[in-house]
Each structure stands twice: as C-alpha cells, then as structure tokens.
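# Fold and geometry: a report
Take a look at the letters that make up each chain.
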Amino acid sequence: MAEAADFQGTSPSPARRWLRRTGALLAGAPLLAGVLQLPISSSSYAAEPSAAAEATGSRTVAVSLDSLSPNIPSDGDTLTVSGRIVNKGKQAVTAAHVGLRVGPTLDGRSAIDDAAKTNPYAGTEVGGKYVAKFARLAPGVPQTFSISVPVDKLDLGSDGVYQLGVTLTGRTTAAAYDQILGIERTFLPWQPEAADTKTRTTYLWPLISTSHMTAETGSNEQQTPVFADDDALAAELSPGGRLEQLLSLGKDLDITWVIDPDLLASVDAMTRSYRVQVNGSSTTTTAGTHQSVAKQWLSKLEKEVEGEEVVALPFADPDLASLAHHGTKVTGSLSHLKDATTAAAITVESVLHVTPSTEYAWPVSGAIDPSIVKVATSAGADTVLSRSDSLQETGALPYTPSAARPIGGGTTAVVADARLSTAFQGDMTVAGNSTLAVQRFLAQSLMLTRQAPDKQRSVVITPQRMPTASQAQTMAQALTALQDGNWSESAELSAATKAKPDAGATTRVPSASVYPSSLTKQELPQEAFTRIEETQKKLNSFQVILADKSRVVTPFGRAMDRSMSTSWRGRAVEATVYRDGVLNYLIGLTEGVGLIDKSEAKLSGRSATIPVTVQNNLVQGVDHLVLRLTSTQPSRLSIGDGAFQEQRVAVAGGHSQSVKFTTNAHANGRAGVIAQLYTEDGQAYGPAVAFDVKVTEITATVMLVIAGGVLLLVLAGFRMYTQRKREAARQAALEADAVPTDDSAEHTPATAADDADAESADETTDDRDRASTTGSSAPDPEHPSDPSPDTAPGVTDPSGTGERVDR
C-alpha cells in the first residue's frame, strides 16, 4: 500500500519540541549522548561515535513492559507503567533506576512498522520523582517496578502517535557511570479530543474449532453421535478455556460474530447423550460426560448473539485454497462446498435460532488468486474476505482505502487491514508481548485515521481463525480501548461491505504466481479430495438400497465436509487418519448387506432349486436390490429359462432371506454359478459369490428299478381288470337264470337265498371297482342310484376306446 501521505495531518510542533530536547541533552547530559540513537539525523551519530557500542550495552538488563494504563491517555489522566527487570549480565548493577522517555510523533504507518522492527529510540526522560530506584540488581534476579506519571508531565503536544521508552539506567564495575543498560519501546496514541470524522471499524470475532465428531452414529432411533475426542472440546468450552473466553469477552464488544456451524453441531450433540471412541477405535466407545459444560456454553452463546450480526461459514470451514488448487482436479469436489453452505444456514438457525449471513467466503489468511475467488463464489457467496497483504494497493492513494471494492463478476472483495489483523498472532501469554501488541494496534488505528482525517473510511479486521485464550484477552483489551477512543466507531460487516469503494483502490486480483508458498505447503493434497470422492461414490451406491437414507446421508455428508476443513492445516497425519476412518466405517456398513458364501451344490436330477441367502446386518431394512444367479456353462446347467435369472430382494434389518432359483441340468459334470447383488439401476453391489453345481446323470440301475416298478404296477392292474371281467360275466349269468321261460306276465318270486346271493355278488363287484380306482380294498357304502354294469353278459372283448383305465 502506498504511504505517500503518511505525513499528512502531522503537526510540526512535536518535531520542534524533539529538537529542543535533543539540544538540551547534547549540551547538558553527556550520558544521554550514547542513548539517543537518532536515525533521522546523521549528525547525531557523528557527534557521538560511541553510540553503537552504547546500544549494545543497553541489552545488559532485560526490561519487560507488562502493563500500561490507560492505553489511550487523555488530559488529566495519570499514566501508570509497570513491568519487570532482570540483570542478564555477569556483574551487579548499582545505583539503578527505571524511568520513562517520550520521543517525537511518528510520521505514517510505515514509521510504526520500522520503529517496532529496528527499535529506534529517542526521547527525554521524565525523571524527577517519576522513577523507580534500585540500589543493586544482582545477575539473574528479576525485580518488578511501577511508575505513575501525570499525563501533563509527559509534555505531549499535538495529536498523533508518540514513541514511549522505558529505560533502566545504572552503573557496573566495568563502567562506573550512569548509562542505559536496558530499554523497552512502545507507542502512545494521543487523541484527547474526538476526531471530526471517525473511522468505521469492523472487527470479526471467530468461533471456530477443530473437527471432533466422526461419521459414526448409534443404532438407536436417536442415532447417538460418536466423537473421536470430547475432552479437548470440553476444555475449550470450560471456564477459562479458549471458546469460553471468546464468548465471555465478545459479549461486551461491538463485533461481528463469525461462526463455524460444525462447532455448533458438535456442542449441540454434546448437550445430549453421546459416545466417545476409545483409543480411536470405532468398535469400542464409552459414554460422554460433558453435557453440563456444553449446555452452559451453548445457552450463553444463544443469548449473546440475539439481535447481533452473525456470519456463518460453510459447514466445517472448508479450505477454499486447497479446494481451488487441488480439489477441482477431482470430479465432484465442488458439490461438497455447496452442501456445506446449505448445511450452514440450517445448522445455525436450528441451534441458535438466528438467521445468519452466508454470503461471505473466507480463504486462509485472506490470500486470494483467481482460482480461489472462482471456487469461493461457486457455492453462492458473493463476497470474499481478503487481506491487504494479498490484494495490495498498487495505485497512488495517499491513505488506506475502505475495505470494500468490486473485483468483477458481481463479486465484492472485503479487504481487511493486514497490520491490524495480524497484531495479536504472537505469544500473548507473556504480559510484555500483550502490552506491546495492544499499543501497536492502537497506534496503527490512530495513524490510519490521521492519514485522511476528513475522509470517512470503513476498515475491517480479520484476526486469526482460532485465537488462543490469551490472544482473545489481548484482542478484547485492544478493542475495549479502541471503542473508548476518539477516532474510531464500530460498524457491522454488512455495513462495511456496502460502503462506497474508493475510486483509486486496487480491484485487480493477484495472479496465482504470487500466492504465498508458505500457505501452499500446508494445503490439502489432491489425494485428500480423491479419498473424499471415493467416499461419496460409495455412499451413493449404498444409500439407494436403504429404507431410511437420512441415517447415513446426513452423518457421512457432514463428515466429508469435515474432511476438507481448514483446521487440518499443519496436521496432515491427523487429516489422513480422519478421512480414512470415514471411508473405512462406510465400507464396514456396506458390507453389512451381502451374500452368504455357498459350498458346492449337487444336482442328481434333471431339475432342482438352488437357494442363495442374502444377509442384512444393518439396523434398518434394505430394498431396491436385485439378486442375479448366472450359470457360466448354460449348455450344462441353465438357470430358469436361460443363462441367468434375477429376483427382487428386500430384507428387514437384522435378518436374512433365502432366494430360490430353478435350475435344469442338461449334461453331467460341474457347472460354475455366480450370485451377484445389483442395485435397481444395474450397479453391482458387494462382492459376487461363486460356487460349483455338480450334475449327476440318472444311472442304468436306477432305470431298471424304475422299469421293474412300472411293470409290477401294469401286471397288478391287468390282474384286477381280468378279475373284474370274470365277475361281471358271472353276475350276468345269474341274472339270466332268474328270467321266466314263458311269455306270461306272471313272475316267480325270488327266494330269500337268491336275493342274498345276488346282493352279495353286487357288493363284491362294487368293492372291486372302487379298489381298482382308489387303490384301497375297503368297501364303500352302497348307493341305490349306482348304475348297473354296462358290459353285456358273456362279452369278453376288450373295452371301448372311451373307457379310462387307471394303472
């Protein structure tokens, strides 16, 4: 960014005051001649050639500036500075004291960078009673100090950013005269009156964590979620934890909440019954126990975001740069980004009961190139959060422009200020680091406003994605001071996005060749996206057979989103383990539905049925499956009417089903048979089961036995037939004997004996007839209506062709 007007708005009076102080020091205080390292004036170095050597001596005692209050002083305030000193030398330091020194105002934002980097220093010690004295500093023994100075004693002039030094002056046995043996430098923003035009400042407050949930769920109706780890997340949610601190501190700040829906989903799952893997095993789990802390944190968050602006990142915060540089080479990868964006809004609304904005895409470190912008906007986002060290100013603007600017194709880039965004990335557990970071942040913010004090601008700040608890505390301290300052006012991200862009601001997206190599090294490889797509294909073929697809589509869909999360950067091994775990678990589920292996089958006849068993070990039923049985030698063994036969299959959860196929043997020997499950769209499901069918021809002995049996049946039938004919002839003869010989109408009555004989003969004939038909010798009851035999007496010729003979 151009710094051509870093000097704008700076009054010359501080420079003149600094020159007067310098002259007085050179004239009356020889010890300070070695202290004043004035990079602005080369004559100062000429007057004191020993200055460089004296600078080395200033490292003898380490000075730590642990606190400075107030961070932005005003008229009538008292500035209190406290810290620690440690003698790093080998000799004791005597007659020592700690004092404050105020240097001139700095001219521009680059001057602040230079001052922090090269540690230039100049200034006059306030002195007098505003010092902390130490008679002796033993080597290696730390001591604390605290100095309070009324602001009016600092001799501050016009508004601006002043250098502030804390120095340790003392003597050693090697140099028995006063000299500066230690120094720490910082910045003092001075703006006692409200600025005419304040800078609108938007600060993003990220609630993002690493991925904790797996794709595994319980077999119960509630689908109890399974965590790979819950202790780490619980520690972040507990009092003093990272996420708890972000929430507690953020509630008192004017910020825009930026939330990863995966974090909400994970915490929400922890509020109910859940399981945790034991040593990373998907087969051994234990009950989760952190419901209480999860409920407290989530309830608190829901209250804090009510009525506030909430930006939802795509589910699990996908790594847009990795996706653009490697994922687009794998078919289907972009579809996961769209699914993650859709899931984001649903998750936030269902958990927090607020409607979030999903129009923002946030690449890692705000670094962009054309491919990243294309991918970022492919899922519906029309605003990309970039940073000024990526989309750098190449024009001649004499000030830092507003964040929003159009970059073509209807896309807006919101360019966060890099200096302010990276201010708190160090180790903020050290009090000295935290204090210096806060003061530098405030100094840069004030200097940004003073670049063009009459021009309204919107500035956006995007800190690191997952600040530590100490970083969050330092950020909150700086923001609280900034909100109490006189040059800045808070604004929401949506307002910064809609602000009128500066006409001269850069809108050209940098090329891929200038994308930072340090970021490239941490990107997810192409193999990661190949693995994710393999999981998706496996899921596609699996879900079509399920009675309730949602039981697998939702957990595995979210798990694939987590597989491409930005949080895996720097954790390549853990990322690989997670992706492999998702795929292997899915494979295990698909193998729960399949065919049971068969041994060799024997077929001793010309036709038979072959059973094939389909087993379903899932908790839900499966349908839309087709089982195909195919003969590899249809000329020897055919299935149904041809080489193969198919049957629909539906199996309830936890059951198996035997499917029978009709086979026909055409020749002796072995015939190969293959059983294979297919989905309704013709895709093979699971491995095939192959087995042999041994066909055995009917032997001659068996044929002789069968033929003998048939012959016996024929002979028995013939014997019964001849007996029947003889009996019929006898009966006819008896009837003929009963007829009178004359033509008179008188008849001789039959005797009782004759009637009995005739009745007996009729019964015998009927019993034989029934025996011939039913194969039973038991007599049937007599029926009066039974007709008389239709065979004439004395006829011995064969029956007519219309008579049925049972054999």
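Up top is the structure.
Here the structure is a predicted model, which is why all the values come from computation and not from measurement. Residue numbers run consecutively from 1 along every chain, following the written order of its sequence. pLDDT decides what is reported in this predicted model: residues at 70 or higher carry local features, side-chain atom pairs at 80 or more are listed and counted, and totals for whole chains, interfaces and linings draw on all residues regardless. Computation of side-chain values covers all heavy atoms of the structure but excludes hydrogens and water.

## Observations concerning the overall build of the protein
Strands here mean DSSP runs of E at least two residues long; helices mean DSSP runs of H or I at least four residues long; both are numbered from the N terminus. What the protein contains, in helices and strands, is 22 helices and 30 strands. Categorising residues by exposure relies on relative accessible area from a 1.4 Å probe, with only protein chains included: less than 20% of the type maximum marks a residue as buried, more than 50% marks it as exposed, and the intermediate range marks it as partly exposed. For the protein, the proportion of its 807 residues judged to be buried stands at 47%. Long-range contacts, defined as pairs at least 24 residues apart, comprise 77% of the intrachain contacts of the protein with a sequence gap of at least 6. In this description, contact between two residues means that some pair of their heavy atoms is separated by no more than 4.5 Å.

## Digging into the sheet that holds strand β26 (residues 637–639)
Adjacent strands of a sheet pair through backbone hydrogen bonds, lying either parallel or antiparallel. Strand order in this open sheet of four strands is β22-β24-β28-β26, and the pairing throughout is antiparallel. Two strands in the sheet have a free side with no partner beyond their single neighbour: β22 (593–595) and β26. Taken over all neighbouring pairs, the strand axes of this sheet differ in orientation by 30 degrees on average, direction set aside. As paired elements, β22 and strand β24 (residues 607–616) share three bridges and run antiparallel to each other. The residue bridging L595 from the neighbouring strand is V614, located in β24. Here, any two strands with at least 2 DSSP bridges between them count as paired. Fitted lines through C-alpha atoms serve as axes, helices being fitted only where they are in contact, and the angles separating the N-to-C directions of these axes extend from 0 to 180 degrees.

## Thoughts on the sheet that holds strand β14 (residues 281–287)
Judged by pairing direction, the sheet is mixed, and its four strands sit side by side in the order β10-β11-β13-β14 without closing on themselves. Both edges of this open sheet fall to β10 (213–217) and β14, since each of them pairs with a single strand only. Averaged over all pairs of adjacent strands, the angle between strand axes in this sheet comes to 45 degrees, irrespective of strand direction. Where β10 meets strand β11 (residues 225–227), two bridges bridge the pair, whose relative direction is antiparallel. Note that in β11 the partner of T217 across the bridge is P225.

## Quick notes on the nonpolar core
Think of a nonpolar core as a cluster: buried Ala, Val, Leu, Ile, Met, Phe, Trp, Tyr and Cys residues, connected wherever their side-chain atoms sit within 4.5 Å. Counting residues in each nonpolar core, the largest one holds 72 residues, and the members touching the most others are F542, L627 and V693. When neighbours within four sequence positions are excluded, V693 is seen to be in contact with A601, L603, I610, L637, G669, R670, A671 and V673. Membership of the second largest hydrophobic core comes to 64 residues, among which are Y203, L246, L448 and L482.

## Describing the environment of T377
Within the secondary structure layout, T377 lies in the loop between α12 (370–376) and β17 (383–387). Given the relative accessible area of 24%, T377 is considered partly exposed. T377 has contacts with V384 and T411, leaving out every residue within four places of it along the chain. Definition of a polar contact: a pair of N or O atoms within 3.5 Å, with one able to donate and the other able to accept a hydrogen when the atoms are protein atoms, and with sequence-neighbouring residues admitted only if both atoms are side-chain atoms. Side-chain polar atoms of T377 contact the backbone oxygen of V373, separated by 2.9 Å.

## Considering the packing of aromatic side chains
Aromatic pairs are defined between Phe, Tyr and Trp rings, using the six-membered ring for Trp, whenever the two ring centres lie within 6.5 Å; interplanar angles under 30 degrees are classed as stacked, those over 60 as edge-to-face, and all others as tilted. In this structure the tally under the stated criterion is six aromatic pairs. Ring centres 5.8 Å apart and planes at 20 degrees place the aromatic pair F556 and Y585 in the stacked group. Here F556, found in helix α19 (residues 550–563), pairs with Y585, found in helix α20 (residues 572–590); they are 29 residues apart in sequence, far enough to count as distant. Classification of F556 as buried rests on a relative accessible area of 1%. Among the aromatic residues, those joined into a cluster by ring pairs are Y203, W205, F424 and F441. One residue, R628, lies across the ring of Y678, its end atom 4.5 Å from the ring centre. To sit over a ring, a charge needs its Lys NZ or Arg CZ within 6 Å of the ring centre and within 35 degrees of the ring normal.

## Some words on the pattern of salt bridges
Where charged atoms of side chains with opposite charge meet at close range, the side chains can pair. Note on definitions: salt bridges are taken to be side-chain nitrogens of Lys or Arg within 4 Å of carboxyl oxygens of Asp or Glu. Summed over all chains, the structure comprises 26 salt bridges. Measuring nitrogen to oxygen at the nearest pair gives 3.0 Å for the salt bridge that ties D561 to R558. One end of the pair, D561, and the other, R558, are both in helix α19, three residues apart, so they sit about a helical turn from each other. Counted as one network, the salt bridges with shared partners bring together D113, R419 and R440.

## Details of unusual backbone geometry
Along the chain, S69 connects to P70 via a cis peptide bond; the corresponding omega equals -5 degrees. With respect to the helices and strands, P70 occurs in the loop between β1 (61–69) and β2 (78–87). For D155, which is not glycine, the phi torsion reads 60 degrees and is therefore positive. Residue position: D155 is located in the loop between β6 (142–150) and β7 (160–171).

## Description of the packing of α19 against α20
Taken N-terminus to C-terminus, the directions of α19 and α20 make an angle of 160 degrees; their axes are 9 Å apart at the nearest point. Taken together, the axes of α19 and α20 are roughly antiparallel relative to one another. Between α19 and α20 lies a crossing whose hand is left-handed. Of α20, the residues touching α19 (which contributes V552, F556, A559, R562 and S563) are Y578, R579, V582, Y585, L586 and L589. When residues are grouped by polarity, Ala, Val, Leu, Ile, Met, Phe, Trp, Tyr, Cys and Pro land in nonpolar, Asp, Glu, Lys and Arg in charged, and all others, Gly among them, in polar. Grouping the amino acids of the contact of α19 with α20 by side-chain chemistry returns eight nonpolar, one polar and two charged. For classification purposes, an angle smaller than 35 degrees is called roughly parallel, one larger than 145 roughly antiparallel, one from 65 to 115 roughly perpendicular, and anything else oblique. Left-handed describes a crossing whose near helix is turned anticlockwise from the far helix by less than a right angle; the clockwise case is right-handed.

## Observations concerning the packing of helix α18 (residues 526–543) against α19
At their nearest, the axes of α18 and α19 sit 11 Å apart, and the two run at 175 degrees to each other. Between α18 and α19, the angle is such that the two are roughly antiparallel. For the pair α18 and α19, contact is made by I532, T535, Q536, L539, F542 and Q543 and by V552, V553, F556, M560 and S563, respectively. Partitioned by chemical class, the residues of the contact of α18 with α19 number seven nonpolar, four polar and no charged.

## Concerning α19
Helix span, as expected, comes to 1.5 Å for every residue beyond the first. Look at α19: 20 Å from first C-alpha to last across 14 residues, which is about the 20 Å you get at 1.5 Å a residue. The element α19 is extensively covered by neighbouring structure, given that 11 of its 14 residues are classed as buried. Structurally, α19 contributes buried residues whose contacts are with β10, α8 (261–270), α11 (333–352), α18 and α20.

## Some remarks on the environment of M270
Within the secondary structure, M270 is located in helix α8. In this structure, the C-alpha to C-alpha distance between M270 and A294, residues 24 residues apart in sequence, is 6.0 Å.

## Details of a nonpolar patch on the surface
Without a salt bridge and with relative accessible area above 30%, a residue can belong to a patch; like charges are then joined within 9 Å and nonpolar side chains (Val, Leu, Ile, Met, Phe, Trp, Tyr) within 5 Å. Surface accessibility follows the Shrake-Rupley procedure with a 1.4 Å probe radius. Residue values consider only the protein chains on display as shielding. A cluster of nonpolar side chains, namely V710, L711, L712, V714 and L715, defines an oily patch on the protein surface of about 460 Å² accessible area. Given the relative accessible area of 61%, L712 is considered exposed.

## Some points on the pairing of strand β8 (residues 179–190)
By the criterion of burial, β8 is predominantly enclosed, with 11 of the 12 residues buried. With 11 bridges connecting them, β7 and β8 associate as antiparallel partners. Looking at the pairing, G165 lines up with R185 of β8.

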